[in-house]
Amino acid sequence: MKANELQINNFLQAPNVQFVIPVYQRNYDWKNAECHELLHDIIGVETEKRGTHFIGSIVFIHEGTYSTNEVKELVIIDGQQRLTTINILYVALYRFAKENDKTQDAERLYNMFLTNQYVQNESSKLKLKQTDSNSLAFKAIMVGTEREFDGFSNVIENYNFFRSSIKEDNFNLILQGLNRLIFVEISLERDKDDPQRIFESLNSTGLDLSQSDLIRNFILMDLQPKEQNRIFETVWSPIEENAKDLVKQSSLVSEFIRDYLTLRNKKIPNKNKVYFEFKSLYNNKKEEAYYQELENIKSLSAHYKKLANPSTVKEASIRKELEYINRLEINVAYPFLLQVFEDTENGLLDTAELIKILKLIQSYTWRRFIVGLPTSALNKIFMSLYAEVDSEEYYDSIAKALLKKKGSAKFPSNEDVKTALKDKDLYNTQPKNRNYLFELLENYNNREQVNTNNETITIEHIFPRNPAEQWSTDLSSEEFFLFKEKHLNTIGNLTLSGNNGALSNKSFLDKKEMNKEGNEQGYSFSHLWLNSYLKKIDNWNIEKFEERQIIIYDRFLKIWEYPTVIITENDDSEEQNIFDAESPRNKKLEYYIFENNKIEEDTVAQMYFGVVRALYEKNSQLLVSSPDVFKITRNSADFRSSQEVANGWFMESNIDSSSKFGALKRLLTLFEMEDELSVKYSLTTDTEVEPSRFEVRKRYWTKLLPLLENTTLFNNVSASKDHWISSGAGTAGLSYTLVITKMYVRIELTILTSSKDKNKLFFNKLLRNKEAIEKAFGQELEWEELPENKMSRIKIEKQGVNLFKKTDWLEMNEFIVTNLPQFEKAFSSFIKNLK
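Here the structure is a predicted model, which means the values were calculated and not measured.

Describing the pairing of strand β21 (residues 792-799)
Along β21, six of the eight residues are buried, which leaves the element largely enclosed by surrounding structure. Two strands pair when backbone bridges link them, and strand β19 (residues 744-751) and β21 are joined in this way by eight bridges, in the antiparallel orientation. Each bridged residue has a counterpart across the sheet, and for Thr 750 the counterpart in β21 is Arg 793.

What follows is the structure, given as structure tokens:
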């Protein structure tokens, strides 16, 4: 690596050099604000005679990934924002000179700073070489066709800014100021320096790199040119297109990758550490599993597009529910929904069940809003919810998981909702919540949907906020007080009207019968459901208010349903806040969640030590300075059985589980972190309990895996609670899968890349060799293209065995152990030819 300080002009005017912006670089993001600041600095350094102005560093690989005989290509890995902007400024200066008869200046700018004058190859002509739509925009400003450019481009926007800023009286001033710009040139040698590590350590003076910029660079930077372009075009570019807010035209890639990591790790990464979390997963980028995971990320990004932009969803019924979820900003559910949509595409659930799940999520979150439960609890809930999915009972397993939540995570009951609706102020709330409530109440089972977002339809107080004097006569003083102070903004006193201004603060009868100039302003003439009850009554009092409240409550329960699934005794174990959990005596843990991190640990003791250490790292002074809450000292002899926390601080370890829980509760209260620790008890306790289906599956896989011989497929696969386990088949997107249910046992080749078309192509290529494959296997197979689903599969299945009958396990084992090695052998050579 070599570093030199030099003038930017000397760098730009070097002959036969091309500055290459590689595909892994982020988009050109500078806007007018940054350009204005740069131009101000350029003019200022000249007018104030400050000598020089430092603009940061430009880092490049001088043996470029692209090579030609005519030019020396410098691959820019840091500094492209400034370099591109200065080039745009030079174009604006060139165009100004050309349009104002400054022929000599125009030729000098064009030949010295913008083009390689004498090269023959047209692609090497421009000194700045970009690889995306920015290159088209840059060429447009060079030749003066920017007004014909289709779409938005920061290149053209910034050119227009510079061009409008250049005048006769500052043209030379800007040129002279550019001569005073200096930067640090950092030149790297390929195969000697580590561009990725250097890139990470740089502190750029431009816009901060986003997490997605860093991830893109990590994925693409050290690939060979051909592979770099292939991965960019087939994987990364689709991800960027999918993870975008189409309304704001802003990137959501960082947010998407964060949700992907949350789904994968059951841990919510810090927004500023998404890149490092991602990078830590893939130390070896040469493994087939890494490329398979990139395909998986690409596949999930297609579902993220639906979540972020519901308007792109073709099915109207799904689009409507996603629009509601989007409007309510239930973004915390995205990690969970990504996999639910992937499962839908793979045929694990149908559209009707998907819609039930989308409605369930709304019911859960909306009821919680009505009851007033904290939204902060939702992060942890949706972070690990997919782990509770049983694909054989998809909707029911999710509903059960949510119904089993306790404390601040609970699913509010009908009675909870009924109580809350009586007093909930639903007028002075966020417009998105208010509009959602009234839209669904009004349009439930309504064939002719009412657009409640129509600006002419507004919320009307039946008993007005500023009641006319007639209300004092129509109501008793007690009722008047109750309406004014307690019920004014509750749902029973609110309705919708297109004539709110006309109805105003008038008496109830006036509001009901108003028909000024035949315009039918009153409730009696309304076609809205919310006014149907008001048509039937002649006065408004507490009794009528309570009747209408019940009518709305009954409708509420039909819209935001409470799940009607049966929870058996074996379903009782669920994650609970430690303050709500039962005594840990004679219990084991399945896992605990602390600060959005899921830790699989089976003993209360290890959770106890882990949480105390985490609290020490968070605020050691608070922990060691509160002896009345928790005893921790530097003298191990102070304890019967000491355990080191950290840095020579010790705590007592010889206490029972209940005492450990008590200590943790006191500490969490001290740290004001009462909502940050949840536990999930295992059903395997000292008390004999019939195992759940999850435990039965895990026990079966635990017994089966050591029996597999003559194949290495599942050597590195662990027992799972799912009814299937998979092992890679050597080609990204293909895997060998074992499936066990209460009806059959199956061996299958699963074809599941991120592309449906590719899956069908692979399937049909294998199908052409059906005879040879089945001959090698020794019997016929079932070939399922599954044209409606993304996946395809080829399988052999044994019916009439039941996982939940332990007497069938021997027969199931024999089927798998006997057939799996020959199944793999029959396909292996044909799979290799698919690459």
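Let's talk about the sheet that holds β21
The strand order across the open sheet formed by five strands is β17-β18-β19-β21-β20, and the pairing between neighbours is antiparallel. The strands lining the two open edges of the sheet, one partner per strand, are β17 (724-728) and β20 (782-784). For this sheet, the mean inter-axis angle between neighbouring strands, taken without regard to orientation, is 20°. Bridge count for β17 against strand β18 (residues 734-740) is five bridges, and the pairing is antiparallel. In the strand pairing of β18, Ser 727 is matched with Tyr 736.

Points about the pattern of salt bridges
According to the stated counting rule, one finds 36 salt bridges in the structure shown. In this structure, the salt-bridge partner of Arg 95 is Glu 146, at a minimum N-O distance of 3.2 Å. One end of the pair, Arg 95, is in helix α3 (residues 80-99); the other, Glu 146, is in the loop between α5 (133-143) and α6 (154-165), and 51 residues separate them in sequence. Accessibility assignment for this pair places Arg 95 and Glu 146 in one class, buried. Overlapping salt bridges bring together Arg 746, Glu 748, Glu 782, Glu 784, Arg 793, Lys 795 and Glu 797 as one network.

Observations concerning helix α33 (residues 809-832)
In a regular helix each residue adds 1.5 Å, so 24 residues correspond to 34 Å; α33 covers 33 Å between its end C-alpha atoms and thus fits that length. Helix geometry: α33 is bent most strongly at Asn 819, by close to 35°, with proline Pro 821 lying one to four residues after it.

Quick notes on the packing of aromatic side chains
Scanning the entire structure with this criterion turns up 41 aromatic pairs. An angle of 35° between the planes, with centres 5.8 Å apart, marks the rings of Phe 11 and Phe 60 as tilted. Of the two residues, Phe 11 sits in helix α1 (residues 8-12) while Phe 60 sits in strand β3 (residues 53-61), which places them 49 residues apart along the sequence. Exposure class is identical for Phe 11 and Phe 60. Each is buried. Each ring, one from Phe 763 and one from Trp 783, has its centre 6.2 Å from the other, and the planes form 70°; the classification is edge-to-face. Here Phe 763 is found in helix α31 (residues 756-767), whereas its partner Trp 783 is found in strand β20, with 20 residues between them in sequence. Relative accessible area serves as the criterion here: at 15%, Trp 783 is assigned to the buried category. Members of the aromatic cluster, joined through ring pairs, are Phe 463, Trp 471, Phe 480, Phe 483, Phe 508, Tyr 523, Trp 540 and Phe 545. A cation over a ring is seen here: Lys 424 above Phe 369, with NZ or CZ 4.6 Å from the ring centre. The ring of Tyr 427 has Arg 434 lying over it, and the distance from NZ or CZ to the ring centre is 5.6 Å.

With respect to the side chain of Ser 301
Looking at the secondary structure, you find Ser 301 in helix α13 (residues 288-308). Look at Ser 301 and you get buried, because its relative accessible area is 0%. Sequence-distant contacts of Ser 301, that is, excluding residues within four places in its chain, are made with Pro 238, Ile 239, Asn 242 and Phe 256.

Brief notes about the packing of helix α2 (residues 32-47) against α3
For the pair α2 and α3, interaxial distance at closest approach is 11 Å and the crossing angle is 70°. It follows from the interaxial angle that α2 and α3 lie roughly perpendicular. When the axes of α2 and α3 are compared, the crossing they make is right-handed. Counting all contacts with α2, which are made through Cys 35, Leu 38, Leu 39 and Ile 42, the residues of α3 involved are Thr 85, Ile 86 and Leu 89. Taken together, the residues of the contact of α2 with α3 break down into six nonpolar, one polar and no charged.

Some thoughts on the environment of Val 71
Of note, Val 71 is situated in the loop between β3 and β4 (72-78). Under the relative-accessibility criterion, Val 71 is labelled buried at 6%. Each residue touching Val 71, except ones within four places of it in the same chain, is listed here: Asn 16, Gln 18, Asn 116, Val 119 and Ser 124.

Topic: the sheet that holds strand β11 (residues 576-577)
In space, the four strands of this open sheet follow the order β11-β16-β12-β13, with antiparallel pairing throughout. Each edge of the open sheet carries a strand with a single partner, namely β11 and β13 (597-599). Where β11 lies against strand β16 (residues 677-681), two bridges are found, and the strand directions are antiparallel. Residue pairing for β16: Gln 576 is matched across the bridge by Val 679. Along the sheet face, helix α27 (residues 604-618) touches β12 (589-594) and β16 and points at about 10° away from the line of β12.

Looking at empty space enclosed by the protein
Applying the stated criterion across every chain yields a total of three cavities of 30 Å³ or more. In this structure, the largest cavity encloses a volume near 140 Å³. Contributing to the lining of the largest cavity are 14 residues, with Lys 380, Ala 409, Glu 575, Asn 577 and Ser 678 lying nearest its centre. Secondary-structure elements contributing two or more residues to the lining of the largest cavity are α17 (377-384) and β11. When the residues that make up the lining of the largest cavity are grouped by side-chain class, the tally is four nonpolar, four polar and six charged.

A short note on the nonpolar core
Ranked by size, the top nonpolar core spans 102 residues in total, and within it Ile 219, Phe 278 and Phe 336 carry the most contacts. For this core, the leading source of residues is helix α16 (residues 351-371), giving nine residues. Excluding residues within four positions of it along the chain, Phe 278 makes contact with Ile 215, Phe 218, Ile 219, Ile 257, Tyr 260, Leu 261 and Ile 297.

Considerations on the packing of helix α9 (residues 211-220) against helix α10 (residues 225-242)
Between α9 and α10, the least distance of the axes is 10 Å, while the angle of their chain directions is 155°. In terms of axis orientation, α9 runs roughly antiparallel to α10. Helix-helix and strand crossings are classified by hand; for α9 and α10 the assignment is right-handed. Residues Ser 212, Ile 215, Arg 216, Ile 219 and Leu 220 of α9 pack against Gln 228, Ile 231, Phe 232, Trp 236 and Glu 240 of α10. Tallied by class, the residues present in the contact of α9 with α10 amount to six nonpolar, two polar and two charged.

As for the environment of Val 155
Tracing the chain through its elements places Val 155 in helix α6. The class of Val 155 is buried, set by a relative accessible area of 0%. Sequence-wise, Val 155 and Ala 140 are 15 residues apart; in three dimensions their C-alpha atoms are separated by 9.6 Å.

Observations regarding the side chain of His 487
Topologically, His 487 is positioned in helix α22 (residues 477-487). For His 487, a relative accessible area of 8% corresponds to the buried category. Look past the residues within four positions of His 487 in its chain and what remains in contact with it is Lys 422, Leu 482, Asn 493, Ile 542 and Phe 545.

As for unusual backbone geometry
Residues other than glycine seldom take positive phi values, yet Asn 710 does so here, at roughly 60°. Within the secondary structure layout, Asn 710 lies in the loop between α30 (693-704) and β17. One non-glycine residue with positive phi stands out, namely Leu 786, at about 50°. Looking at the secondary structure, you find Leu 786 in the loop between β20 and β21.

Considerations on the confidence of the model for the protein chain
Residues at a pLDDT of 70 or more form 94% of the protein chain, whose mean pLDDT is 88. Predicted confidence in the protein chain is weakest over helix α8 (residues 195-201), with a mean pLDDT of 59, and strongest over α16, with 97. Segment residues 203-207: pLDDT under 50, and eleven contacts once partners within four positions in sequence are set aside and those in other chains are kept.

Let's talk about the pairing of β18
Burial of β18 is extensive: seven of the seven residues sit out of reach of the surface. Here β18 shows two buried faces, one formed by Leu 734, Tyr 736, Leu 738 and Ile 740 and the other by Ser 735, Thr 737 and Val 739. Where β18 lies against β19, seven bridges are found, and the strand directions are antiparallel. Paired with Val 739 across the two strands is Arg 746, which belongs to β19.

Rules and cut-offs
- Residues numbered from 1 in each chain as written.
- Predicted model: local features only at pLDDT ≥ 70, side-chain atom pairs only at ≥ 80, totals over all residues.
- Heavy atoms only, no water.
- Buried < 20%, exposed > 50% of the residue type's maximum accessible area, 1.4 Å probe, protein only.
- Helix = DSSP H or I, 4+ residues; strand = E, 2+ residues; numbered from the N terminus.
- Pairing = 2+ DSSP bridges.
- Axes fitted to C-alpha atoms, helices over the stretch in contact; angles between N-to-C directions.
- Salt bridge = Lys/Arg side-chain N within 4 Å of Asp/Glu carboxyl O.
- Expected span 1.5 Å × (residues − 1).
- Bend = angle between axes of the 7 residues up to and from the residue.
- Phe/Tyr/Trp six-rings, centres within 6.5 Å; stacked < 30°, edge-to-face > 60°.
- Lys NZ or Arg CZ within 6 Å of the ring centre and 35° of its normal.
- Contact = heavy atoms within 4.5 Å.
- Parallel < 35°, antiparallel > 145°, perpendicular 65-115°, else oblique.
- Left-handed = near helix turned anticlockwise from the far one by under 90°.
- Nonpolar A, V, L, I, M, F, W, Y, C, P; charged D, E, K, R; others polar.
- 1 Å grid on protein atoms, 1.4 Å probe; cavity = no way out; pocket = protein on both sides within 12 Å on 5 of 7 lines; lining within 4 Å.
- Points joined across faces, edges and corners; volume = space filled by probe spheres on them.
- Core = buried A, V, L, I, M, F, W, Y, C linked by side-chain atoms within 4.5 Å.
- pLDDT = per-residue confidence, 0-100.

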